[in-house]
Amino acid sequence: MARIEQHGKNYRYVIEGKDEFGKRKRFTKSGFKTQREAKLAAAKAETNLQKNILEKNSYITLYDFIYKCWFPHHQNFIRQSSIYSLETTTLRRIINFFGKDLKLKNVTPVLIQKFIDYYLNERTIRRKTVVTDFNYLKMILQYAVDIENILLFNPAMKIQVPKPKKRNGFMIKENNSKLFLEKDELVKFLDLAKQDYFSFIAYQLTLFIALTGVRIGEAQALQWEDIDFENKIAHIRHTWARIGSNSFTLQPPKTQSSIRDIILPDKLIIELKKYRKKYLEFKMCNIDKWVKDKEFIFVARSGTGLPINGFNYRSWLNKIHAKSNGALPHVYPHMFRHTHISLLAEAGVSLEVICERVGHTEDIITRKIYLHITNRSKQESIKKFNAVIQNF
């Protein structure tokens with residue numbers, strides 16, 4: 001936006017812009033006898049400046065713009081683990097679809113809609129993931145409009161991701177897997193897992209998540225010093241996150257509400273004490289390669305003392321599920337966190353207390369699970385009431 005200033009007896013305009021190399025530059029011209037003349041000249045200069053910038057930047061590809069302009073700026077506002085995740089998921093899918101040679105100016109609404117349809121229908125990726133990818137693409141294009149002044153408008157602005165088709169029952173995920181296990185299903189899964197002697201670590205991790213509701217990354221980050229056996233409390237202070245293909249780090253939880261103390265049930269305290277004996281035996285057998293400065297609770301079977309690998313843990317869950325011969329639904333790590341929420345709701349714990357325990361300030365899934373369980377309890381109560389009054 002041009003600024004008009006009086007300069008002696010005349011007027012001048014000042015335009016803050018960028019040159020052809022993207023560096024900030026001030027454009028001024030003086031000698032106008034009236035303020036109106038200066039405004040008209042400034043408007044024309046701004047139009048020409050914008051036209052020149054667009055022409056000089058017409059060669060920029062979407063790929064170069066993302067990695068040379070937008071991403072170096074955006075990574076200053078996200079955590080190290082989020083940088084790696086963004087590069088290997090969303091940005092990779094965007095580039096895989098649009099390619100490395102597509103000019104930024106040639107990204108059209110039609111192409112963006114095809115991008116959404118491709119991942120939603122042909123690749124059958126979850127709608128939530130597609131929405132995330134689309135939102136990032138829209139953010140990138142808006143950056144080209146507002147900050148870099150390379151585009152005149154955002155071609156993604158009026159595009160929407162189609163809403164999912166309605167299904168019977170809201171407690172089903174998009175891939176038809178359940179959000180949580182029923183109490184008898186959890187017992188069955190743990191019984192099958194307990195029989196797998198060589199995976200005692202993964203079993204204890206599953207039990208811990210199911211009885212505390214912690215996230216998988218929070219459980220991986222736990223060290224023995226975080227467990228107060230006397231007061232039956234687990235201190236959640238960190239999360240274990242990937243920052244490279246083979247690199248991990250301890251970092252603070254995503255939100256302030258995730259830093260919390262969790263009261264542990266008596267059953268879990270007993271199980272942890274039993275597990276610690278096996279843990280110490282396992283450590284002594286691998287003491288030569290054990291990490292020296294950390295005492296992670298749920299360690300990898302490789303014997304390094306580092307936390308259990310998330311991929312290996314998911315593979316183990318699939319292995320135990322296969323042993324059920326279809327008697328159990330598909331399981332995944334976060335399902336046991338949801339299961340914990342359902343058990344608390346069934347026990348009559350308030351939504352506010354549940355959110356505090358699992359580290360949520362407000363969460364749609366937590367609320368849905370809570371309402372689902374409480375509504376089911378109400379329906380069962382009405383059935384019992386109807387049975388009582390049917391002879392009146």
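All of these numbers come straight from a predicted model, not from anything done at the bench. (Residues numbered from 1 in each chain as written. Predicted model: local features only at pLDDT ≥ 70, side-chain atom pairs only at ≥ 80, totals over all residues. Heavy atoms only, no water.)

Trainee: If you had to explain the pattern of salt bridges to someone new, which residues and values would you point to?
Mentor: Enumeration according to the criterion identifies twelve salt bridges in this entry. Taking the shortest distance from any N to any O, the salt bridge between R12 and E5 comes out at 3.0 Å. Between K68 and D64 there is a salt bridge, and its shortest N-O distance comes to 4.0 Å. Here D64 and K68 lie together in helix α2 (residues 62–74), a separation of four residues that amounts to about one turn. Given the relative accessible area of 62%, K68 is considered exposed. On the accessibility criterion, D64 (28% relative accessible area) is partly exposed. One connected set of salt bridges, linked through shared partners, spans R3, E5 and R12. (Salt bridge = Lys/Arg side-chain N within 4 Å of Asp/Glu carboxyl O. Helix = DSSP H or I, 4+ residues; strand = E, 2+ residues; numbered from the N terminus. Buried < 20%, exposed > 50% of the residue type's maximum accessible area, 1.4 Å probe, protein only.)

Trainee: Account for empty space enclosed by the protein, naming residues and giving values.
Mentor: One pass over the full model with this rule turns up one cavity of 30 Å³ or more. By volume, the largest cavity is sized at about 30 Å³. Mapped onto the lining of the largest cavity, the elements with two or more residues apiece are α9 (216–221) and β5 (233–236). Within the lining of the largest cavity, the residues separate by chemical class into three nonpolar, two polar and three charged. (1 Å grid on protein atoms, 1.4 Å probe; cavity = no way out; pocket = protein on both sides within 12 Å on 5 of 7 lines; lining within 4 Å. Points joined across faces, edges and corners; volume = space filled by probe spheres on them. Nonpolar A, V, L, I, M, F, W, Y, C, P; charged D, E, K, R; others polar.)

Trainee: Give me the pairing of strand β7 (residues 248–251): which residues, what numbers.
Mentor: Pairing of strand β6 (residues 239–242) with β7 involves four bridges; the strand directions are antiparallel. Bridge pairing in β7 links A241 to T249. Between β6 and β7, which pair antiparallel and follow one another directly, the connecting turn spans five residues. (Pairing = 2+ DSSP bridges.)

Trainee: Lay out the side chain of T339 in plain terms, naming residues and giving numbers.
Mentor: With respect to the element layout, T339 can be found in helix α12 (residues 333–346). On the basis of relative accessibility, which here comes to 0%, the residue T339 falls in the buried class. Excluding residues that lie within four positions of it along the chain, T339 makes contacts with F180, L181 and L186. (Contact = heavy atoms within 4.5 Å.)

Trainee: Quick rundown of unusual backbone geometry? Include the residues and the values.
Mentor: Look at T124: it is not a glycine, yet its phi comes out positive at around 50°. If you trace the backbone, T124 turns up in the loop between α5 (109–122) and α6 (127–146). For T124, a relative accessible area of 61% gives the class exposed. The backbone of K232 shows a phi angle near 60°, a positive value even though the residue is not glycine. By secondary structure assignment, the location of K232 is in the loop between β4 (227–228) and β5.

Trainee: I'd like a description of α6, backed by residues and values.
Mentor: Structurally, the α-helix is built with 3.6 residues per turn, so residues lying three or four positions apart point the same way. Between its first and last C-alpha, α6 extends 28 Å over 20 residues, near the 28 Å set by a 1.5 Å rise per residue. For α6, every residue scored as buried is listed here: T129, V130, D133, F134, Y136, L137, I140, L141, Y143, A144 and V145. On the buried face of α6, the contacting elements are α2, α3 (80–88), α4 (90–98) and α5. (Expected span 1.5 Å × (residues − 1).)

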